[in-house]
Amino acid sequence: MPTSPNLLYSPPAPFLFFNSLSLLSMPFSLPKLFPCNTSTSTPLQNLSTNTKPDSNPNPNPNALSTPSTSSRSLTSFSSSTSSSPVTTAMSDDATSVLTFPSLPSLQCLLPSSTSPISTSFLHLTSLKPLSTASTTTSPPALTISQSSLLLFTATPSTLATYDLTSLDLVSSHPLAPSAGAVKSLVILPKSHGLLSAHQDTLLRLWRHSSRSGDLRLAGSLPTLSDRLLRLPFPKNYTLIRRHHKRLWIQHADTVSALATAGEYIYSVSWDKTLKIWRTSDLRCVQSIVAHDDAINALAIAPDGTVYTGSADTKIRAWSRAPDEKKHALVATFDRHRSAVNALAISNDGSVLYSGANDRSIIVWEREESANHLAVVGALRGHGKAILCLASVGDMLFSGSSDRTVRIWRRGREGREYSCLAVMAGHVSVVRSIVAVQMPKEKPGTAESEEEYRVCSGSFDGEVRVWKVRISGLS
């Protein structure tokens, strides 16, 4: 089990080598991979001046790009259409046979549009780690409060709050270095505070001070009272490894992701378990050995269905029947060929996105004929592993090891996707991303225009804040 705070857990090299050999002997048809170049995609432009000359922010040879510029103004991209070179597609087939899932590229299935979408973006600022006390860098954990438009960032040394409108620092609080990297942040409903997931296996609860309004540490999960109640009874212990036991309410490895829905808090860990906590008293009510390998990702649908993504390449869905007290497995999805790193779900819960080391974002949609969700295709364009995803309305934002953030848009009729832009500028791997749609500045603003605030965090501790504007919407 990994101990590095900067890495997602993936299967060891021998496992991948075995898979590669077995895939060579498997008969399957090869899909034609087309470049991300549609009637609504646009020439992309890098507005950052910090990109290293020897780095390639857009490793995919099919993606369109232009030389970087130091312009600080919003830049609009006009629509263009070009045919897909056959030689490029054949080259992609040859190089991707062992990694890409055998699925169609959804961004190519677009009808002609009489009202092309125009996309513009601007890098507003870079938020550097507030403290340099830590000797190691770690990607910041991020979350956004949609009601107050506050951005919360957490590094191993500091928990900070920023105003997304003014980009001012609202408050900061030092963290104990012994807690290790912060893997995830989630805002609890009904003003119950903020919860953080740490490398030291604990969840920490933060609440606003009645005097200053700043966040203060209020406790950790599992709580002391919960542990004391279960401590005397042998049945409450599970074997972690030889001659080592722990209470079943405790995680045994890094807590990798958090989510909350209704009356429950959900946490997943590299110890392969999904734990469910009650919001009212913060007690752990269920622990499930959910996967055969470390769990990297977690997403909750509006109907309460829990999705977990793991290094065992599988995605699993968990749900609780109305007359049941426990969550149970309802479906397993197995189409990725490598570790699943990120999950995101649409606002209505009808579409699930999953990103993995195989450089693809698989799209799953709810179908009546299917048992739960059915795979409909993949979004391709990133040159390396997909590490983070954020879904807001019809928009999807993805961050990758290729140091870029891509902007995708889902068509109104579904199963139609376009790659609107590629935002480059990070000098390290993009590990975390959050996004929120900004309220309209003026009541008379056209309904055909949307503005988003996107925040992406990289392994060097930097958080880049982007302003994204989409216009020409029907």
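Computed from a prediction, not measured in an experiment: that's the story for all the values here.

*Asks:* Just to check I follow, could you spell out the sheet that holds strand β21 (residues 340-345) for this structure?
*Replies:* Strand pairs in the sheet, formed through backbone hydrogen bonds, run parallel or antiparallel to each other. Here four strands make up an open sheet; going across it, the order is β21-β22-β23-β24 and the pairing antiparallel. Two strands in the sheet have a free side with no partner beyond their single neighbour: β21 and β24 (373-380). The sheet shows a mean angle of 25° between the axes of neighbouring strands, direction not considered. Bridge count for β21 against strand β22 (residues 351-356) is five bridges, and the pairing is antiparallel. Its bridge partner being in β22, A344 is matched across the sheet by Y353.

*Asks:* What should I look at first to understand the packing of aromatic side chains in this one?
*Replies:* For any pair of aromatic rings, geometry is given as the distance between the ring centres together with the angle between the planes. On inspection of all chains with the given rule, the structure shows six aromatic pairs. Ring centres of F333 and W364 lie 5.2 Å apart, and the angle between their planes is 45°; on these two criteria the pair is classed as tilted. Here F333 is found in strand β20 (residues 328-333), whereas its partner W364 is found in strand β23 (residues 360-366), with 31 residues between them in sequence. Judged by its relative accessible area of 5%, F333 falls in the buried class. Judged by relative accessible area, W364 falls into the buried class, the value being 3%. These aromatic residues form a ring-pair network of at least three members: Y307, F333 and W364.

*Asks:* What is the right way to look at the UniProt feature "repeat: WD" (unreviewed entry) in the protein in this model?
*Replies:* Annotation from UniProt places "repeat: WD" (unreviewed entry) at residues 288-319, 333-365 and 379-408. Helix makes up 0% of residues 288-319 and strand 56%, with an end-to-end C-alpha separation of 12 Å. When the span residues 333-365 is considered, its composition is 0% helix and 58% strand, and the gap between its end C-alpha atoms is 12 Å.

*Asks:* Would you take a moment to explain the nonpolar core for this structure?
*Replies:* One broad rule of soluble globular proteins: the nonpolar side chains tend to lie buried together. F397, I407, M423, Y452, V454, V468 and I470 are the most contacted members of the largest nonpolar core, which totals 21 residues. When residues of this core are traced back to their parent elements, those giving at least two are β25 (386-392), β26 (395-400), β27 (404-410), β28 (417-424), β29 (430-437), β30 (450-458) and β31 (463-471). Beyond its immediate chain neighbours, meaning those up to four positions away, Y452 contacts V392, M395, F397, R409, V436, Q437, M438, W466, K467, V468 and I470. Ranked by size, the runner-up nonpolar core spans 17 residues in total, among them L352, I362, W364 and L373.

*Asks:* What is the right way to read the pattern of salt bridges from this model?
*Replies:* When the charged atoms of two side chains with opposite charge come close together, those side chains can pair. Under the criterion given, the structure shown has 13 salt bridges. For K128, the salt bridge goes to E462, with nearest N and O atoms at 3.8 Å. Here E462 lies in the loop between β30 and β31 and K128 lies in the loop between β2 (118-127) and β3 (141-145), a separation of 334 residues in the sequence. For K128, a relative accessible area of 51% translates into the label exposed. On the accessibility criterion, E462 (4% relative accessible area) is buried. The salt bridge partner of R230 is D226, with a shortest N-O separation of 2.9 Å. Here D226 and R230 lie together in helix α3 (residues 224-230), a separation of four residues that amounts to about one turn. Residue class for R230 comes out buried when judged on its relative accessible area of 13%. The class of D226 is buried, set by a relative accessible area of 1%. Where salt bridges share partners, they join E449, E451, R453 and R469 into one cluster.

*Asks:* Hey, could you run me through unusual backbone geometry in this one?
*Replies:* Where the residue is not glycine, phi is negative for most of them; where a peptide bond is considered, it is trans in most cases. Note the cis peptide between L221 and P222, where omega equals 0°. Turning to its location among the elements, P222 is positioned in the loop between β10 (215-221) and α3. If you check the backbone angles, H243 has positive phi at about 65° while not being a glycine. Its location among the elements puts H243 in the loop between β11 (237-241) and β12 (244-247). If you check the backbone angles, R359 has positive phi at about 75° while not being a glycine. Inspection of the secondary structure assignment puts R359 in the loop between β22 and β23.

*Asks:* It is not clear to me how the pairing of strand β15 (residues 273-278) should be interpreted in this structure. Could you clarify?
*Replies:* Note on strand geometry: in a regular strand, side chains alternate between the two faces of the sheet. Counting buried residues along β15, five of its six residues qualify, which places the element largely inside the surrounding structure. Here strand β14 (residues 264-269) runs beside β15; their pairing, made up of five bridges, is antiparallel. Bridge pairing in β15 places Y264 opposite R278. Taking the residues between adjacent antiparallel strands as the criterion, β14 and β15 are bridged by three residues, where K272 takes a positive phi near 80°. Pairing analysis gives five bridges linking β15 to strand β16 (residues 284-289), with the strands arranged antiparallel. When the bridges of β16 are listed, I276 appears paired with Q286. Here β15 folds back onto β16 in antiparallel fashion, the turn holding five residues, of which L282 has a positive phi close to 60°.

*Asks:* Looking at this structure, how should I read the side chain of S267?
*Replies:* Inspection of the secondary structure puts S267 in strand β14. Residue S267 is classed as buried on the basis of its relative accessible area, which comes to 0%. Side-chain polar atoms of S267 contact the side chain of H251, separated by 2.8 Å. For S267, the residues in contact, after removing those within four places along its chain, are L203, H251, V255, A257, L258, T273, L274, K275, W277 and L298.

Cut-offs applied
Residues numbered from 1 in each chain as written. Predicted model: local features only at pLDDT ≥ 70, side-chain atom pairs only at ≥ 80, totals over all residues. Heavy atoms only, no water. Pairing = 2+ DSSP bridges. Helix = DSSP H or I, 4+ residues; strand = E, 2+ residues; numbered from the N terminus. Axes fitted to C-alpha atoms, helices over the stretch in contact; angles between N-to-C directions. Phe/Tyr/Trp six-rings, centres within 6.5 Å; stacked < 30°, edge-to-face > 60°. Buried < 20%, exposed > 50% of the residue type's maximum accessible area, 1.4 Å probe, protein only. UniProt positions renumbered as here; feature names shortened; annotations may be inferred. Core = buried A, V, L, I, M, F, W, Y, C linked by side-chain atoms within 4.5 Å. Contact = heavy atoms within 4.5 Å. Salt bridge = Lys/Arg side-chain N within 4 Å of Asp/Glu carboxyl O. Polar contact = N/O pair within 3.5 Å; in protein donor to acceptor, adjacent residues only side chain to side chain.

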